[in-house]
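Analysis of the macromolecular model
Residue-level listing of the chains:
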Amino acid sequence: MATIFNESDVLETLDASHGPDLLFESHAGGMVSTILDNISGWQIAVTVLLALVAYDQFMYIWRKGSIAGPMFKVPFMGPFLQALNPKFGAYKEQWASGALSCVSIFHKFVVLASDRDIARKVFNSSAYVKPCVVPVAEDIMRPSAWVFLDGKAHVDFRKGLNGLFTRKALDCYLPTQAKVLDDYFGKFVSASEKNKGQPMAFMGFFREINCALSCRTFVGHYISDEAVKKIADDYYCITAALELVNVPFSLYVPYSKVWLGKRAADVVLAEFTKCAAASKIHMAKGGKPTCIIDRWIASMIESQKYRDEIANGNADAVKPSVLLREFSDFEIAQTMFTFLFASQDASSSATTWLFQIMAQRPDVLDRVRQENLDARGCSKDGPIGLEMLESMTYTNAVIKEVLRYRPPVIFVPYLAKKAFPVTPTYTVPKGAMIIPSCYPALHDPEVYPLPDVFDPDRWITGDAAEKSKNWLVFGTGPHNCLAQQYVQLTMTAMLGKASLELDWVHHATSRSEEIKVFATLFPMDDCRLVFSKRT
């Protein structure tokens, strides 16, 4: 027989057995259910979105603190669209806004240091920061690359590389570089002739000659001319991928800049790995070192020989100045790739400005030409030697002034490993990027009078050479450029040889002095020149 319950009996039973708490919960649950029934999915989505926007703004304002920067952030992405097509004028405005300034793009908070002393402090604070180049650099070059090592691991690895850039080593690379210059100077003239003497953009040619110089210096003739050309062409993809900020997860988006850059980098690594294997075979047979990997592998062989002698009981074995372990073919390739990364865009920028400025300043070029002719005993075909290059005071001053006037590296991104008290009043948050800028120090009118005037004599009759604290072209501190002497000597050799063997004319456009930012600085019109052989 069915049992019939009356509602009032049930409530009385609940009151008696469970008290008022259960009754309240029953009513509250009903109220929540009623409220949720009256809220649409769109209302929930908008509420969540507004909460996230508020959180994003709060975190930006909190991280910004007292330093210069926009009062508010464009929700989530910040100035991402501007970062896709960076303007040099915008960087100058940012540097002028304060010694420290900031932006926030997507999840990444970025602090820029324009003050010289703060920039130097960042460069020298390895306890607080580590190089990150750009956020996707580790994806492109692999996290195990030596430039991303920190502390003692970085110091120990770097010690093994120092011997590759000694004066003796640099002198060893010059004959190979002279052959590359001969080859490409011929290509410059041929390209102008094919273009019927009309001006054409030469920035691409300058990128290619620097890629060839780097590859031949780093891995010698273990790499083919075709492979060098492909690397030079594909390196555009790598440069394009290494923007300061990229769309999150773009590495996994087919045909995005980062996706293409990663694949181009993998091709370079594969090619350099084959070169390392070939060099090991050559050096094991007692071959003469002619490139960087040869010299590095020779040092590994010497180190292993010492260890073998010690193991065999020879206590009188002579220990090498730096004892190296044996590096794998891939580790060698990865290191050579970091050298290429450090040199390709910066050297291409410096070379482009060098040829443009020399064409604009025939008075400077004439002095360079005469100095180089005198240094070669009045024979333009004289060989290039290290002592000769170092002896040319004016030509070296021209190179230094080009690097100051149009610095190939305008800033170097670092990542804060922990909260970094960069000034007494501001602490960079952990995980933020902190970017010391080089350009403002190199254009400081108190240190370099008339900084926007190209004046090589400031390095000879002036006191520019004494202002070492402002000379941030190659950074400073434990991660400063390992190959800075190599860079300056290579450019000196290039300019000297070109001055004796080539004539070139710059056809200025309205955009010749406008600066384009493509990883580094280039003329907006890509440097329109006409080359001819000098008789």
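Here's what I pulled together on the structure shown here. (Residues numbered from 1 in each chain as written. Predicted model: local features only at pLDDT ≥ 70, side-chain atom pairs only at ≥ 80, totals over all residues. Heavy atoms only, no water.)

1. Considering the overall build of the protein
Each helix and strand in the protein was counted, giving 18 helices and twelve strands. Its C-alpha radius of gyration of 30 Å places the protein more than 25% over the 24 Å reference for a compact globule of 535 residues. Projected onto its principal axes, the C-alpha positions of the protein cover 120 × 70 × 50 Å. Counting across all 535 residues of the protein, residues that qualify as buried make up 48%. Seen as two clouds, the 56 positive and the 57 negative side-chain charges of the protein have centres 6 Å apart. (Helix = DSSP H or I, 4+ residues; strand = E, 2+ residues; numbered from the N terminus. Rg over C-alpha atoms; globule rule 2.2 N^0.38 Å. Buried < 20%, exposed > 50% of the residue type's maximum accessible area, 1.4 Å probe, protein only. Lys, Arg positive; Asp, Glu negative; His and termini not counted. Charge placed at Lys NZ, Arg CZ, Asp CG, Glu CD.)

2. Examining the packing of aromatic side chains
Under the definition given, this model contains 34 aromatic pairs. Arranged with centres 5.5 Å apart and planes meeting at 70°, the rings of Phe165 and Phe339 form a pair that is edge-to-face. Taken together, the residues Phe165 in the loop between α7 (151-162) and α8 (167-194) and Phe339 in helix α13 (residues 329-360) connect sequence positions 174 residues apart. Between the aromatic rings of Phe188 and Phe531, the centroid separation amounts to 5.0 Å while the plane-to-plane angle is 40°, which identifies the pairing as tilted. Separated by 343 residues along the polypeptide, Phe188 in helix α8 and Phe531 in strand β12 (residues 528-533) bring together distant segments of the chain. Grouping residues by exposure puts Phe188 and Phe531 together as buried. One aromatic cluster is present, formed by Phe185, Phe188, Phe202, Phe205, Phe206, Phe355, Trp504 and Phe531 through successive ring pairs. It is Arg367 that lies over the ring of Tyr394; its NZ or CZ is 3.8 Å from the centre. In this arrangement the basic side chain of Lys418 is found over the ring face of Tyr128, its NZ or CZ atom lying 5.0 Å from the centre. (Phe/Tyr/Trp six-rings, centres within 6.5 Å; stacked < 30°, edge-to-face > 60°. Lys NZ or Arg CZ within 6 Å of the ring centre and 35° of its normal.)

3. A word on the pattern of salt bridges
Taken as a whole and assessed by the stated rule, the structure comprises 31 salt bridges. The residue Asp117 makes a salt bridge to Arg116 at a minimum N-O spacing of 2.9 Å. Exposure remark for Asp117: the relative accessible area of 44% places this residue in the partly exposed category. Its relative accessible area of 25% is what places Arg116 among the partly exposed residues. (Salt bridge = Lys/Arg side-chain N within 4 Å of Asp/Glu carboxyl O.)

4. Remarks on the environment of Ala265
Residue placement: Ala265 occurs in helix α11 (residues 257-284). For Ala265, a relative accessible area of 0% corresponds to the buried category.

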